[in-house]
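Each chain is listed here by its residues.
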Amino acid sequence: MLRNKPRYITFKKFKDKKGFLIPFESSNEKVLKGNKLPIKIKRIFFSSGKKNYFRGDHAHKRCSQLLICLRGQIKIETIFKNKKQFFKISENKIKTVLIPPMVWNRIFFLKKNSLLGVICDYKYDSKKEYIHNFREFKKLSSIK
């Protein structure tokens, strides 16, 4: 489990006259070309939302997530150790956001038809994994 604070991760982009490619590798071996993922893949999902509305509004107990903007523009609000932080990702950038466990987050879709890809290192478990109540999150993470 990653207990670090949320942060940007920038990946290599390979570009030519036909377009670009951003490869991801989930390997223990040395990565020769492409980008090594900072987490092991257990689950991948896609999320969209109406413009200027937010999704998320929860924290995970064990799961780390790598957020990738596939279309549009997305803002992520995080709370970690009593500090609020904002991240912006868009389809034209090669930045992603890594959210470790025990980080409260909200995801805002800033443009119509924005699409978010999420790579997780933990299986889906709605009963044991998610913290949906901010007071409970504050208690569990020792935020005052």
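The rules we used
- Residues numbered from 1 in each chain as written.
- Predicted model: local features only at pLDDT ≥ 70, side-chain atom pairs only at ≥ 80, totals over all residues.
- Heavy atoms only, no water.
- Helix = DSSP H or I, 4+ residues; strand = E, 2+ residues; numbered from the N terminus.
- Contact = heavy atoms within 4.5 Å.
- Buried < 20%, exposed > 50% of the residue type's maximum accessible area, 1.4 Å probe, protein only.
- Pairing = 2+ DSSP bridges.
- Patch = residues over 30% accessible without salt bridge, like charges linked within 9 Å, V, L, I, M, F, W, Y side chains within 5 Å.
- Areas by Shrake-Rupley, 256 points an atom, 1.4 Å probe, with all protein chains shown as cover.
- Salt bridge = Lys/Arg side-chain N within 4 Å of Asp/Glu carboxyl O.
- pLDDT = per-residue confidence, 0-100.
- Axes fitted to C-alpha atoms, helices over the stretch in contact; angles between N-to-C directions.

Colleague: Describe the side chain of Ser-47, and please don't skip the residues or the numbers.
Modeller: Within the element layout of this structure, Ser-47 appears in strand β6 (residues 43-48). When sequence neighbours within four positions are dropped, the list of residues in contact with Ser-47 reads Arg-55, Phe-109, Ser-114, Leu-115 and Leu-116.

Colleague: Can you tell me about the pairing of strand β13 (residues 115-120), naming the residues and giving the values?
Modeller: Along β13, five of the six residues are buried, which leaves the element largely enclosed by surrounding structure. Two strands pair when backbone bridges link them, and β6 and β13 are joined in this way by six bridges, in the antiparallel orientation. Paired with Ile-44 across the bridge in β13 is Ile-119. Pairing between strand β8 (residues 65-71) and β13: six bridges, direction antiparallel. Across the sheet, the residue bridging to Cys-69 is Leu-116, located in β13.

Colleague: Please set out a nonpolar patch on the surface residue by residue, giving values where relevant.
Modeller: On the surface, a cluster of nonpolar side chains totalling about 390 Å² of accessible area is made up of Ile-41, Ile-44, Phe-46 and Leu-70. Residue class for Phe-46 comes out exposed when judged on its relative accessible area of 56%.

Colleague: Can you lay out the pattern of salt bridges for me, pointing to particular residues and giving the numbers?
Modeller: Evaluated as defined, the whole model comprises three salt bridges. Its salt-bridge partner being Arg-106, residue Asp-57 comes within 2.9 Å of it at the nearest N-O pair. Here Asp-57, found in strand β7 (residues 54-60), pairs with Arg-106, found in strand β12 (residues 104-109); they are 49 residues apart in sequence, far enough to count as distant.

Colleague: So what about the confidence of the model for the protein chain? Which residues, and what values?
Modeller: With 91% of its residues at a pLDDT of 70 or more, the protein chain shows a mean pLDDT of 89. When pLDDT is averaged over each helix and strand of the protein chain, the minimum, 80, is found for strand β5 (residues 35-36) and the maximum, 97, for β12.

Colleague: Which residues make up the sheet that holds strand β14 (residues 130-131), and what are the values?
Modeller: The antiparallel open sheet is built from five strands, whose spatial order is β10-β9-β12-β7-β14. In this open sheet, the two edge strands, each paired with only one partner strand, are β10 (83-90) and β14. Of the strand pairs in this sheet, strand β9 (residues 73-80) and β12 are connected by six bridges, and their pairing is antiparallel. Counted as the bridge partner of Thr-78 is Asn-105 from β12.

Colleague: How would you sum up the environment of Lys-128? Please name residues and give values.
Modeller: Mapped onto the fold, Lys-128 is located in the loop between β13 and β14. Taking C-alpha positions, Lys-128 is 9.2 Å from His-60, a pair spaced 68 residues apart along the chain. Those residues in contact with Lys-128 that sit more than four places away from it in its chain are Lys-61 and Arg-62.

Colleague: Help me get a handle on the sheet that holds β13, residues and values and all.
Modeller: What the five strands build is an open sheet, ordered β1-β11-β8-β13-β6; its pairing is antiparallel. What marks the edges here is a single partner per strand, and that holds for β1 (7-10) and β6. Neighbouring strand axes in the sheet, compared pairwise and without regard to direction, differ in orientation by 30° on average. Relative to strand β11 (residues 95-99), β1 runs antiparallel, the two sharing four bridges. Of the residues in β11, the one forming a bridge with Ile-9 is Thr-96.

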